[in-house]
Amino acid sequence: QVQLVESGGGLVQPGGSLRLSCAASTNNFSRYAMGWYRQAPGKQRELVASIMSAGTINYADSVKGRFTISRDNAKKMVDLQMNSLKPEDTAVYYCNARSPGGFYNSWGQGTQVTVSS
């Protein structure tokens, strides 16, 4: 399976910013659909943002206008720039990679994001 390693999480005040990064170990990175998910305590895991191999980007309504997903195929990385953070953004954020046809569906270990005063 594809190995995914997230980084960049931490504690930030409301209104602040964080940039999450996900490094992937696969020679076929450019062919994978990539996404960021999050899961808050007692809540279901939800899609935050995704970016397809062809470049199509989707955001959850709750983060649209505040978060930006991007990918660098040469570096085999996908980032999530998070601005104007709110306490309700507090969650563990997971990187996801899905191969063409969904044969592989890999997850990172997660990185904690806490938005609090």
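See the structure shown above.
A quick note: this is a predicted structure, and the numbers were derived from the prediction, not measured.

Asker: How should I be thinking about the pairing of strand β5 (residues 46–51) in this particular structure?
Answerer: The side chains of a regular strand alternate, residue by residue, between the two faces of the sheet. Sheet topology note: the strand β4 (residues 33–39)/β5 ladder contains 5 bridges and is antiparallel. Residue pairing across strands places Y37 opposite L47, the latter belonging to β5. Counted along the chain from β4 to the antiparallel partner β5, the turn is 6 residues long, and its residue G42 has a positive phi close to 75°. Here 3 bridges tie β5 to strand β6 (residues 57–59), and the two strands are oriented antiparallel to one another. The residue of β6 that forms the bridge with I51 is I57. Between β5 and β6, which pair antiparallel and follow one another directly, the connecting turn spans 5 residues, one of which, G55, has a positive phi of 105°.

Asker: Sorry, what's going on with the pattern of salt bridges here?
Answerer: Opposite charge on two side chains makes pairing possible when the charged atoms of those side chains draw close. Under the defined criterion, the tally for this structure stands at 4 salt bridges. Of the charged contacts, one joins D79 and R19 as a salt bridge, the two residues approaching to 3.0 Å between their closest N and O atoms. Highlighted residues: D79 in strand β8 (residues 77–82) and R19 in strand β3 (residues 18–25), separated in sequence by 60 residues. Here D79 falls in the buried class, since its relative accessible area comes to 13%. Across the pair R66 and D89 runs a salt bridge whose closest N-O atoms are separated by 2.8 Å. Separated by 23 residues along the polypeptide, R66 in the loop between β6 and β7 (67–72) and D89 in the loop between β8 and β9 (91–98) bring together distant segments of the chain. The class of R66 is buried, set by a relative accessible area of 12%.

Calculation notes
Residues numbered from 1 in each chain as written. Predicted model: local features only at pLDDT ≥ 70, side-chain atom pairs only at ≥ 80, totals over all residues. Heavy atoms only, no water. Pairing = 2+ DSSP bridges. Helix = DSSP H or I, 4+ residues; strand = E, 2+ residues; numbered from the N terminus. Salt bridge = Lys/Arg side-chain N within 4 Å of Asp/Glu carboxyl O. Buried < 20%, exposed > 50% of the residue type's maximum accessible area, 1.4 Å probe, protein only.

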